[in-house]
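Fold and contact review
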Amino acid sequence: MARTADGPAISAAALTMRFGSFTAVQDVSFDVSPGEIFGFLGPNGSGKSTVIRMLCGLLRPSEGSGHILGMDSSREAESVKRSIGYMSQKFSLYPDLTVHENLSFYGRIYGLGRRLHERMDAVVKQLHLAPYVQRRAGALSGGWKQRLALACALLHEPRVMFLDEPTAGIDPVARRELWDFLYELAGRGVTLFVTTHYMDEAERCNRLGYIYLSRMLLLGTPDELKADPRVTPDSARWYEAGLDGVEPPLEKLGKQEGISDVTVFGNTLHLLADSRVSQPQLTELAGGLEFREGAPTLEDVFVRLTRLAEQQRRQP
Amino acid sequence: MMRGLGGIIYKEFIQITRNPATLVITLLIPIIQLIIFGYAIDTEVRNVRTQVLDLDNTPQSREFLNRFRATGLYDIRGYVASASELESAIVSGQASVGIQIPSGYGRELSGKRPAEILVLIDGSNNTIASQTMSTAQTLGIRMSIEQLSGSSPERSLLIDVRPRFLFNPALRSANFFVPGLVGVILFLVTMLLTSFAIVSEKELGTMEQLAVSPVSRGGLMLGKILPYLLLGMIQMNVVLFFAQFIFKVEIAGSLPLLELLALVFVFSSLGLGLIISTIAKTQLQAMLMSFMILLPSILLSGFIFPRESMPLPIYWISALLPVTYFVEILRGVILRSAGMEALWDEALILTCMGLLLLAIATVRFRKTVG
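The shown structure was predicted, so the numbers you read here are calculated from the model rather than taken from an experiment.

A separate point is the overall build of chain B. Counting its regular elements, chain B contains 15 helices and four strands. Compactness check: chain B gives a C-alpha radius of gyration of 28 Å against a globular reference of 21 Å for 370 residues, more than 25% above the reference. Taken along the three principal axes of its C-alpha coordinates, chain B extends 95 × 45 × 40 Å. The long-range fraction of contacts in chain B, counting pairs at least 24 apart against all pairs at least 6 apart in sequence, stands at 78%.

This part takes up the overall build of chain A. If you tally the helices and strands in chain A, you get 11 helices and 14 strands. Projected onto the principal axes, the alpha-carbon positions of chain A cover approximately 75 × 45 × 35 Å. Evaluated residue by residue, chain A yields a buried proportion of 52% over its 316 residues. Considering only contacts in chain A between residues 6 or more positions apart, those separated by 24 or more positions represent 68%. For chain A, the accessible area works out to roughly 14,600 Å², and carbon and sulfur atoms hold 48% of it.

All right, on to the interface of chain A and chain B then. On the chain B side, the residues contacting the 24 residues of chain A number 23 residues. Both faces considered, chain A and chain B share a buried interface measuring about 2,400 Å² in area, 59% of it formed by carbon and sulfur atoms. Looking at the side of chain A facing chain B, the largest losses of area belong to Tyr86, Tyr94 and Ile109 of chain A, adding up to 25% of the total buried there. Remark: the boundary between chain A and chain B carries two salt bridges. Here glutamate 101 of chain A ties to arginine 18 of chain B by a salt bridge, and the two come within 2.5 Å at their closest N and O atoms. The interface formed by chain A and chain B holds 10 residue pairs in polar contact (both at pLDDT 80 or more) in total. Sorting the residues of the side of chain A that touches chain B by element identifies helix 2 (77-83) and helix 3 (99-109) of chain A as the ones contributing at least two each. Looking at the side of chain A that touches chain B residue by residue, the classes come out as 12 nonpolar, four polar and eight charged.

What follows covers the sheet that holds strand 7 (residues 160-164) of chain A. All names here are of chain A. On the basis of which strands lie adjacent, the open sheet formed by six strands has the order 6-7-8-3-9-10 and mixed pairing. The open sheet has two free edges, formed respectively by strand 6 (84-87) and strand 10 (215-220), since each of these has just one partner strand. The average undirected angle you get between the axes of adjacent strands in this sheet is 15 degrees.

Here we come to the pairing of strand 1 (residues 48-54) of chain B. Residue and element names in this part refer to chain B. Burial analysis of strand 1 places six of its seven residues in the buried class, the great majority of the element. As paired strands, strand 1 and strand 2 (residues 74-79) are joined by five bridges and run parallel to one another. Looking at the pairing, valine 52 lines up with tyrosine 79 of strand 2. In the sheet, strand 1 pairs with strand 3 (residues 97-101) via five bridges, with the strands oriented parallel. Opposite glutamine 51, over in strand 3, you have glycine 98 as the bridge partner.

Together, Val24, Leu28, Ile32 and Ile36 of chain B make up an exposed nonpolar region whose accessible area comes to about 340 Å². For leucine 28 of chain B, a relative accessible area of 47% translates into the label partly exposed.

As enumerated under the stated definition, the model contains 22 aromatic pairs over all chains in all. Note on phenylalanine 241 of chain B and phenylalanine 242 of chain B: the rings are 5.9 Å apart at their centroids and 85 degrees apart in plane angle, and the pair reads as edge-to-face. The rings of Phe30, Phe38, Phe40, Phe162 and Phe193 of chain A are connected pair by pair, giving a single aromatic cluster. If you follow lysine 11 of chain B out to its NZ or CZ, it ends over the ring of phenylalanine 105 of chain A, 5.7 Å from the centre. It is arginine 307 of chain B that lies over the ring of tyrosine 315 of chain B; its NZ or CZ is 4.4 Å from the centre.

This part covers the sheet that holds strand 4 (residues 63-68) of chain A. Residue and element names in this part refer to chain A. One open sheet holds the four strands; their spatial order is 2-1-4-5, and the pairing between them is antiparallel. Every other strand in the sheet has two partners, leaving strand 2 (22-32) and strand 5 (71-72) as the edge strands with one partner each. In terms of strand pairing, strand 4 meets strand 5 through two bridges, oriented antiparallel. Directly across from isoleucine 68, in strand 5, lies its bridge partner methionine 71. Against the sheet, helix 1 (residues 48-55) touches strand 1 (10-19), strand 2 and strand 4, its axis set at about 115 degrees to strand 1.

Mapped onto the secondary structure, serine 277 of chain B falls in helix 11 (residues 255-279). Ignoring any residue separated from it by four or fewer positions in sequence, one finds serine 277 of chain B in contact with Thr194, Ser195, Phe196, Ala197, Ile198, Val199 and Lys202 of chain B.

This part is about helix 10 (residues 217-247) of chain B. The end-to-end C-alpha distance of helix 10 of chain B is 44 Å, a good match for the 45 Å that 31 residues give at a rise of 1.5 Å each. Once helix 10 of chain B ends, the next one or two residues include lysine 248 of chain B, with phi positive near 55 degrees.

Quick look at the domain arrangement of chain A now. According to the domain assignment, chain A consists of domain 1 (10-224) and domain 2 (232-295). In this structure, domain 1 of chain A and domain 2 of chain A have C-alpha centres spaced 39 Å apart.

When you tally the buried positions in helix 3 of chain A, you get nine out of 11 residues, the bulk of the element. Those residues of helix 3 of chain A lying buried are Val99, Glu101, Asn102, Leu103, Ser104, Phe105, Tyr106, Gly107 and Ile109 of chain A. On its buried side, helix 3 of chain A packs onto helix 4 (116-126) and helix 5 (142-154) of chain A together with helix 1 (5-18) and helix 9 (206-211) of chain B. Backbone geometry just downstream of helix 3 of chain A places glycine 111 of chain A in the positive-phi region, at approximately 65 degrees.

This next bit is on the environment of leucine 178 of chain A. All names here are of chain A. Along the chain, leucine 178 turns up in helix 6 (residues 172-187). Look at leucine 178 and you get buried, because its relative accessible area is 7%. Each residue touching leucine 178, except ones within four places of it in the same chain, is listed here: Leu150, Pro166 and Thr167.

Despite not being glycine, leucine 69 of chain A has its phi angle at roughly 50 degrees, a positive value. Among the secondary structure elements, leucine 69 of chain A is positioned in the loop between strand 4 and strand 5.

All names here are of chain B. Here helix 10 crosses helix 11 at 135 degrees, and the two axes come no closer than 10 Å. Judged on the interaxial angle alone, helix 11 and helix 10 are oblique. Between helix 10 and helix 11 lies a crossing of right-handed hand. Contacts between helix 10 and helix 11 pair Met221, Ile225, Tyr228, Leu229, Met233, Met236, Asn237 and Leu240 from the former with Leu255, Leu258, Glu259, Ala262, Leu263, Val266, Phe267, Leu270 and Leu274 from the latter. Considering only residue class, the contact of helix 10 with helix 11 consists of 15 nonpolar, one polar and one charged.

Rules used in this analysis
Residues numbered from 1 in each chain as written. Chains lettered and ligands numbered in written order. Predicted model: local features only at pLDDT ≥ 70, side-chain atom pairs only at ≥ 80, totals over all residues. Heavy atoms only, no water. Helix = DSSP H or I, 4+ residues; strand = E, 2+ residues; numbered from the N terminus. Rg over C-alpha atoms; globule rule 2.2 N^0.38 Å. Contact = heavy atoms within 4.5 Å. Buried < 20%, exposed > 50% of the residue type's maximum accessible area, 1.4 Å probe, protein only. Areas by Shrake-Rupley, 256 points an atom, 1.4 Å probe, with all protein chains shown as cover. Buried area = accessible area lost by both parts, 1.4 Å probe. Salt bridge = Lys/Arg side-chain N within 4 Å of Asp/Glu carboxyl O. Polar contact = N/O pair within 3.5 Å; in protein donor to acceptor, adjacent residues only side chain to side chain. Nonpolar A, V, L, I, M, F, W, Y, C, P; charged D, E, K, R; others polar. Pairing = 2+ DSSP bridges. Axes fitted to C-alpha atoms, helices over the stretch in contact; angles between N-to-C directions. Patch = residues over 30% accessible without salt bridge, like charges linked within 9 Å, V, L, I, M, F, W, Y side chains within 5 Å. Phe/Tyr/Trp six-rings, centres within 6.5 Å; stacked < 30°, edge-to-face > 60°. Lys NZ or Arg CZ within 6 Å of the ring centre and 35° of its normal. Expected span 1.5 Å × (residues − 1). Domains from an automatic or database assignment. Parallel < 35°, antiparallel > 145°, perpendicular 65-115°, else oblique. Left-handed = near helix turned anticlockwise from the far one by under 90°.

As structure tokens, then:
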């Protein structure tokens, strides 16, 4: 199916989308290699969906271009649509149709023809849907609905999958199972483009892109992002301390010159301190807590860079 | 061009048979409407409640009242003793007509001055009022002629108007309403159901899913039209069957011609439904918009009121409604056994309307489906 065997599976080149005077997406570029899980993050309204819509061939970009497996998303939209799978955050199946009928419908839409039953059996097996085949889709629980949506999206064996917040509102067990399945797909060479708001899911991706105010702020592996110099300024360091039930003086720490990004993760206090504050001073300020050097989390990365972008916007 | 058509049709049929609302709309509503319009709406006026104040009380006055009774129009329910009682009977709604015969009526009948009879009519229902008035006047003229000639009235008439009804000789209301009703029901159901077709996908979020699939716009649109076209045609035949079975409205003309012209008509109502579907954001909005078109279609299409007596602006509005022409076709084929040579102009207008509406729907469809 792919015209260029070793080129990127998904490629965005200076994608720009304007709606009237509003610029929804500005100069966004990135490549995703075959078999990669690419995490696409960003606050709501930052332009995530618009990028996906342009890549899937639903919107013609104002400038730039998107390519899927070497095919131009807007000029070869029909071929692009046939080689991608799409699963959205919203449960977008027919609740009054059974699992079997939903699958049968999507199979027909993709023109599977004689292969319909073979493919239906395959996805039912892959996603363990067999016990629910005759059940109405509307009567399934959240996790099973997502499985069915995934099964429908996989019927035509797409090489590239777009998953728009696939785990929104499903329980942790179903979430874990879904991710296991996504790894399995990636292992078979399927390229996955996933949007999410969950940091632990972002950590699971091979590479991440972070879009904010229509622009791609960051692009790289989770480790590369954490090592970004903008996240940890010169001379500053990340510290963490176990709390063991001690109430940390958050307000006092937050007001201290040279300390920022004070957060609590479960049983750990996490903060950024520059050279004005030494490790013993920290312990003193925090009422005896033992600090050790830590690393920024992905959340730190996004929060700090969003703030930086916000400051730059206010004082051009 | 038509990619995905089979899949969409497959799904629509499952949804039609599974959704109780669709079945109610297609089967129950038409039958209820048929019964309501067929039985309840009756423009023939009979048995109008009448009170009498007979101050004369002579054989002549009683003879006069008998003639009134014999028309079948006036149902003399009772007698009152005074003029004020007669008036209050009408004000209170006990009677729609009050007949007052002054004392000396019998005497004046053979005298020089005309004998005066007062007929009070409740004008609030204009149909009853105009019928009772004209019948009372005709009766007065007839009795005057009889009185003057002293013999049977027909011989003495200078002009004798003899009406002969070519169609619907019994002047049954059902014959007038039922054919039009077939058209209104067909319009209602096909427009309403197609207007839900796209909106429901938008509401469910499945439109997005269809948009990223290789389904073509043509396939999606036709897939949304064909099942309802079939449903509409089945339904029209069910209604026609009931019309013959319950209301004894026989189809005088050619049934195949009727089916063909119905097919032409249905395209315009499907087109309207699709246009609504692309504009409305929810099914509720789609329903309200459908009723905005439906109401004038019922009231102005000539289904209930004759178009000829409408004020000119209203007449032109009625000319824009597809139902107007289909009601004309239905009455033509069912009652007057009209053929294509008599109905070609209506058929031509309907074809143009259907093509125009489907073209608009296609353009609108392209915008919303993306």
